[in-house]
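# Reading the structure
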Amino acid sequence: MRLLAGFDAGQTHTRCRLSVVENGLHQPVGEGEGPGVSHLDTPQGTQRFLEAISTSGQQALRNHSDGVIQAAAVGASGIEHGTALQQRAERLVGEALAIGDDTGLTKVLVTGDERTALRGAIPEGAGILAISGTGMIVLGRDENGHEHRCGGWGWLLDGAGSAFDLGHQGLQLTLRMADGRLPDHPLRLQIWNQMGCDSHAEVKARVVQHNFGTADFAALAPLVVEAAAQGYSGAEEIVQRSAAALSSCISTVAQQLSLPSPVVVCHGGAITHLPEFRTTVQQAIRQSIPEARWGKAKGDACDGALLMAEALTLRPR
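Anyway, here's the lowdown on the structure attached to this text. Everything numeric here is computed off the predicted structure, so don't read it as measured data. (Residues numbered from 1 in each chain as written. Predicted model: local features only at pLDDT ≥ 70, side-chain atom pairs only at ≥ 80, totals over all residues. Heavy atoms only, no water.)

### Considering the pairing of strand E2 (residues 13-22)
Most of E2 is tucked away, with seven of its 10 residues classed as buried. By the bridge criterion, six bridges tie strand E1 (residues 2-9) to E2 in an arrangement that is antiparallel. Bridging from a neighbouring strand, aspartate 8 pairs with arginine 15 of E2. Connecting E1 to the antiparallel partner E2 that follows it, the hairpin turn spans three residues. Across 10 bridges, the pairing between E2 and strand E3 (residues 25-35) is antiparallel. Pairing of threonine 14 across the sheet is with glycine 34, part of E3. In sequence, E2 turns back onto E3 through a hairpin of two residues, with asparagine 23 there showing a positive phi of about 55°. (Buried < 20%, exposed > 50% of the residue type's maximum accessible area, 1.4 Å probe, protein only. Helix = DSSP H or I, 4+ residues; strand = E, 2+ residues; numbered from the N terminus. Pairing = 2+ DSSP bridges.)

### Topic: the layout of surface pockets
Each pocket or cavity is described by its volume, and for the second largest pocket that value is around 420 Å³. Lining the second largest pocket are 21 residues, and of these Arg115, Arg119, Met308, Ala311 and Arg315 sit closest to its centre. Those elements giving two or more residues to the lining of the second largest pocket turn out to be helix H3 (113-121) and helix H12 (301-314). When residues of the lining of the second largest pocket are assigned to their parent elements, the largest contribution, six residues, is made by H12. Here the residues of the lining of the second largest pocket are counted per class, giving eight nonpolar, four polar and nine charged. (1 Å grid on protein atoms, 1.4 Å probe; cavity = no way out; pocket = protein on both sides within 12 Å on 5 of 7 lines; lining within 4 Å. Points joined across faces, edges and corners; volume = space filled by probe spheres on them. Nonpolar A, V, L, I, M, F, W, Y, C, P; charged D, E, K, R; others polar.)

### Here we look at the nonpolar core
Judged by nonpolar contacts, the single largest core of 48 residues is most densely connected at Val138, Ile191, Ile250 and Phe277. Counting residues per element, this core draws most heavily on helix H9 (residues 233-256), at nine residues. Look past the residues within four positions of phenylalanine 277 in its chain and what remains in contact with it is Ser132, Gly161, Leu166, Val225, Val239, Ser242, Ala243, Leu246, Ala270 and Ile271. Listed in part, the 26 residues of the second largest apolar core include Phe7, Ala9, Leu18 and Val108. (Core = buried A, V, L, I, M, F, W, Y, C linked by side-chain atoms within 4.5 Å. Contact = heavy atoms within 4.5 Å.)

### Observations regarding a nonpolar patch on the surface
Among the surface-exposed residues, Trp153, Trp155, Leu156 and Leu157 lie close enough to one another that they form a single nonpolar patch of about 550 Å² accessible area. Among the structural elements, tryptophan 153 can be located in the loop between strand E8 (147-150) and helix H4 (163-178). Among the residues examined, tryptophan 153 registers a relative accessible area of 46% and is labelled partly exposed. (Patch = residues over 30% accessible without salt bridge, like charges linked within 9 Å, V, L, I, M, F, W, Y side chains within 5 Å. Areas by Shrake-Rupley, 256 points an atom, 1.4 Å probe, with all protein chains shown as cover. Salt bridge = Lys/Arg side-chain N within 4 Å of Asp/Glu carboxyl O.)

### Here's the deal with helix H8 (residues 221-229)
Three or more residues of H8 are buried, namely Ala221, Leu223, Val224, Val225, Ala227 and Ala228. With its phi angle positive at about 100°, glycine 231 sits one or two positions after the end of H8.

Structure below.
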């Protein structure tokens, strides 16, 4: 069986979907999951990337021992399109999945996970995809296929509008409570209890430990959003700032692509699972782009990756 493989490799976990194409339609035949990835240039970045692809790919293939992956496309967090890092990642995927043929034609594509997500959500035509999960990024496409990306430059530089941002700001807020700059609020104990901390000194020590990262900050976001929903002004300000940052990226993409009434599709845990945050984002967008239309994704990032993998078999790179 000759298979296509589509991967969605995020910071939290990786998914693989296998398909065969019958009568021009993709028929899913296997699914697998693996750990998340980090930037390839971080410590253990290469190892984490290989583990994510190998584990999720092997799980998807578990019922197809005779299956051969003909082409694969990976949408991965931290990959910038058209860079040497992209080429390096493609070599790693080719090795991990043993993809190759006698023609020397490349049948592996690794690109940013925002591009596979956009292709899956809006397979054809113009539109904007806003991803707000552990991290954030906004990507749009016009009717001519031109794309523009805004935000998503990594949590150290540009995480506003993400679950990381909400949790990070919330944790900062608790430290201002602890040293007397702000009145205390139950949110402080809720956040500290989740982190297993009893003091601001323990918080300071916890966040520098090697096993505390962006996902741990993001895990605090629901507490912040819930406090905002209950009327705590400090949390409300955080939610509003983060939503405004995401809205600004969406507006910028619409302007750059000359989309006066764009279809906007939202993905990611912060948007999907935190309704107070989603509502605030939608309110901000209505103010900046009154003609924007909220759309429903036609597929997910694995679907987008599979479409890109199919293109490799038709027009090898």
